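These are the residues of each chain, in order.
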Amino acid sequence: MPGPRPGSDPHPAPDAVGEVIGWAAFSCVLVPVVLLWYGASLAGAAGTALGLTAVTAVCRVLLRRSERCAARCAAQRGGRHTRGQTPVD
C-alpha cells in the first residue's frame, strides 16, 4: 500500500489566527447584548462594541503580521532550529 503523498494533506492545519479572531468577533457581539440585558444604556453598549471591535482589528493585524514573519524566518532557516538543542517542556 503506498503512503500518503507529501503534497496532499488530508487534514490541513487549522487556521489558529482565524479561530481566535472568530471568537473575538463573537465576543464583540455577545458583550454588548449582555450589557443591554443587564440594563446598561444603549450608548454604553455601543461604545463597548466599538472598543472591542477596534481592539479585535488591531490584534488581527498584529497576529497576521507575526504569522507572516514567522513563516518568512522559517523559510530562511530551512524550517529548522539553528541551535543544537531544543527546549524540553
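Procedures and definitions
Residues numbered from 1 in each chain as written. Predicted model: local features only at pLDDT ≥ 70, side-chain atom pairs only at ≥ 80, totals over all residues. Heavy atoms only, no water. Helix = DSSP H or I, 4+ residues; strand = E, 2+ residues; numbered from the N terminus. Buried < 20%, exposed > 50% of the residue type's maximum accessible area, 1.4 Å probe, protein only. Areas by Shrake-Rupley, 256 points an atom, 1.4 Å probe, with all protein chains shown as cover. Phe/Tyr/Trp six-rings, centres within 6.5 Å; stacked < 30°, edge-to-face > 60°. Salt bridge = Lys/Arg side-chain N within 4 Å of Asp/Glu carboxyl O.

Asker: How would you summarise the overall build of the chain if you had to cite specific residues and measurements?
Answerer: Counting its regular elements, the chain contains two helices and zero strands. Buried residues in the chain amount to 9% of all 89 residues. Total accessible area computed for the chain in this model is approximately 7800 Å², and 65% of it derives from carbon and sulfur atoms.

Asker: I'd like to hear about the packing of aromatic side chains, residue by residue, with values.
Answerer: When we look at a pair of aromatic rings, we describe it by the centre distance and by the angle of the planes. Counted by the stated rule, this structure contains one aromatic pair. Here Trp23 and Phe26 contribute two aromatic rings whose centre-to-centre distance is 5.8 Å and whose plane-to-plane angle is 90°, an arrangement assigned as edge-to-face. Placement of both Trp23 and Phe26 in helix H1 (residues 16-37) is noted, with a separation of three residues, approximately one turn of the helix. We classify Phe26 as partly exposed; its relative accessible area is 47%.

Asker: An account of the pattern of salt bridges is requested, with residue identities and associated values reported.
Answerer: As enumerated under the stated definition, the model contains one salt bridge in all. Between Glu67 and Arg64 there is a salt bridge, and its shortest N-O distance comes to 3.2 Å. Of the two residues, Glu67 and Arg64 are both situated in helix H2 (residues 42-77); the distance of three residues between them amounts to about one turn of the helix. In this structure Glu67 comes out as partly exposed when scored by relative accessible area, which is 35%.

That's the geometry; what it means functionally is another story.
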